[in-house]
Amino acid sequence: MKLRITLVCLIHTLYLHSQHVIIPDANFRNFLIAAYPSCFNNQMEMDTTCQEIINDDYLDVSGKSIISLEGIQYFDSLKVLHCDSNKLTYLPPLSKKLTYLNCGNNLLEKLNVTENLVLTHLLCYNNLLDSLNIDYNVDLTYLICAENRIKSLNVKNNTTLTELYFAVNKLKSIDVSKNTALTVLQFDLNQIQSLDVSKNLLLISLACGYNDLDSLDVSHNKYLQYLYCGMNGEIKNLDVSNL
């Protein structure tokens, strides 16, 4: 009886230390099997306790026709993820250590990065996003969310932003007064009606064409090297006096 209990405990312990899951997307699964063969059993199930999975900090699955990244939540140490140019409609929870995420050119309708507090680079261009919450991503330095359906974007907490791209969206206003580190600002093809860049003294490049601006003052932006503000209806006041 004692031997039987010992064997049961041993089996239970082994089970706890080896959890296998099915990766539902065939393209993602085939990529992982090729990249981490020792982490899969004969039934093509992934061992979530495999050290290669747990410890890897870089993953590039771009352009693999992947529909679901279910299973990526087991990559606990992931810092860089390229999953652009796929057919993704959502992203599972990602590593909290993530600093770089490129999920552009997909079919994402929602994107939740509120738990990714050390994110510095976010590329989510060419998706179906109608909103984007980056309030908690205070370390963000680079954001490109162009070619979506975003109607409002709050960047007041993102004071370390140096490059911001949100062209081809549906924004009517943007407040960049807190983003004093900005060097590049691009938002062509929106519906922006006014813009104050008087606090963005380090600005080098500004592209704001195809909006609804009727005035633009860049007299404080003495480092500005590139300016495009065409196709804004009728800009009656353009101050470039200090350039």
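Residues numbered from 1 in each chain as written. Predicted model: local features only at pLDDT ≥ 70, side-chain atom pairs only at ≥ 80, totals over all residues. Heavy atoms only, no water.

**Q** Help me get a handle on the overall build of the protein chain, residues and values and all.
**A** Counting secondary structure elements, the protein chain contains 3 helices and 13 strands. A burial count over the protein chain gives 42% of its 243 residues as buried. In the protein chain, of all internal contacts separated by at least 6 residues, the share reaching a separation of at least 24 is 11%. Accessible area for the protein chain stands at about 12,700 Å²; split by element, carbon and sulfur atoms hold 53% of it. (Helix = DSSP H or I, 4+ residues; strand = E, 2+ residues; numbered from the N terminus. Buried < 20%, exposed > 50% of the residue type's maximum accessible area, 1.4 Å probe, protein only. Contact = heavy atoms within 4.5 Å. Areas by Shrake-Rupley, 256 points an atom, 1.4 Å probe, with all protein chains shown as cover.)

**Q** Can you explain a nonpolar patch on the surface? Please cite residues and give values.
**A** On the surface, a nonpolar cluster with roughly 370 Å² of combined accessible area is contributed by Val168, Leu189, Tyr210 and Met231. Residue classification places Tyr210 among the partly exposed residues on the basis of a relative accessible area of 40%. (Patch = residues over 30% accessible without salt bridge, like charges linked within 9 Å, V, L, I, M, F, W, Y side chains within 5 Å. Salt bridge = Lys/Arg side-chain N within 4 Å of Asp/Glu carboxyl O.)

**Q** Any details on unusual backbone geometry? Residues and values, ideally.
**A** Excluding glycine, most residues fall at negative phi; most peptide bonds, likewise, are trans. Located in the positive-phi region is Asn105, a residue other than glycine, with phi close to 60°. Secondary-structure assignment places Asn105 in the loop between β5 (100-102) and β6 (121-123). For Tyr210, which is not glycine, the phi dihedral falls at a positive 60°. Relative to the assigned elements, Tyr210 resides in the loop between β10 (205-207) and β11 (215-217).

**Q** Break down the pattern of salt bridges for me, with residues and values.
**A** Applying the stated criterion across every chain, the model contains 3 salt bridges. For Lys156, the salt bridge is made with Asp175, and the minimal N-O distance between the two is 3.9 Å. On the criterion of sequence distance, the pair formed by Lys156 in the loop between β7 (142-144) and β8 (163-165) and Asp175 in the loop between β8 and β9 (184-186) is long-range, its members being 19 residues apart. Note on Asp175: relative accessible area 33%, which makes it partly exposed.

**Q** For the nonpolar core, give the residues involved together with the corresponding values.
**A** With 60 residues, the main nonpolar core has Leu101, Leu122, Leu153 and Leu185 as its most contacted residues. The residues contacting Leu122, other than those within four sequence positions of it, are Leu101, Leu111, Val113, Leu132, Ile134, Leu140, Tyr142, Leu143 and Ile144. One finds Tyr142, Ile144, Ala146 and Ala167 within the second-largest nonpolar core, a separate group that totals 7 residues. (Core = buried A, V, L, I, M, F, W, Y, C linked by side-chain atoms within 4.5 Å.)

**Q** I'd like a description of helix α2 (residues 26-35), backed by residues and values.
**A** Among the residues making up α2, those that are buried are Phe28, Arg29 and Leu32. One side of α2 carries all its buried residues, which in axial view fall inside an arc of 100°. Here the buried face of α2 lies against β2 (46-47). In this structure Asp25 caps α2, since a side-chain oxygen of it lies 3.0 Å from the backbone nitrogen of Asn27. (Arc of directions from axis to C-beta. Polar contact = N/O pair within 3.5 Å; in protein donor to acceptor, adjacent residues only side chain to side chain.)

**Q** Kindly report on the packing of aromatic side chains, identifying the contributing residues and their values.
**A** In this description, an aromatic ring pair is defined by two values, namely the gap between the centres and the angle between the planes. The final tally for this structure, using the stated rule, is 3 aromatic pairs. Summarising the aromatic geometry, the rings of Tyr36 and Phe75 are spaced 5.7 Å apart at their centres and angled 65° between planes, so their arrangement reads as edge-to-face. Of this pair, Tyr36 sits in the loop between α2 and β2 while Phe75 sits in the loop between β3 (58-60) and β4 (80-82), and the two are 39 residues apart along the sequence. Here Tyr36 matches Phe75 in class, with each residue buried. Summarising the aromatic geometry, the rings of Phe166 and Phe187 are spaced 5.3 Å apart at their centres and angled 10° between planes, so their arrangement reads as stacked. Residue Phe166 is located in the loop between β8 and β9, and its partner Phe187 is located in the loop between β9 and β10; the two are separated by 21 residues in the primary sequence. For Phe187, a relative accessible area of 0% gives the class buried. (Phe/Tyr/Trp six-rings, centres within 6.5 Å; stacked < 30°, edge-to-face > 60°.)

**Q** Lay out the layout of surface pockets in plain terms, naming residues and giving numbers.
**A** Within this model, the largest pocket holds a volume of roughly 170 Å³. Leu91, Pro92, Pro93, Leu94, Leu101, Lys110, Leu111, Asn112, Val113, Glu115 and Asn116 together form the lining of the largest pocket. Of the residues belonging to the lining of the largest pocket, the class tally is 7 nonpolar, 2 polar and 2 charged. (1 Å grid on protein atoms, 1.4 Å probe; cavity = no way out; pocket = protein on both sides within 12 Å on 5 of 7 lines; lining within 4 Å. Points joined across faces, edges and corners; volume = space filled by probe spheres on them. Nonpolar A, V, L, I, M, F, W, Y, C, P; charged D, E, K, R; others polar.)

**Q** So what's going on with the environment of Thr159? Residues and values would help.
**A** Here Thr159 lies in the loop between β7 and β8. For the pair Thr159 and Thr141, spaced 18 residues apart in sequence, the C-alpha separation works out to 8.3 Å. In contact with Thr159, not counting residues within four places along its chain, are Lys178, Asn179 and Ala181.

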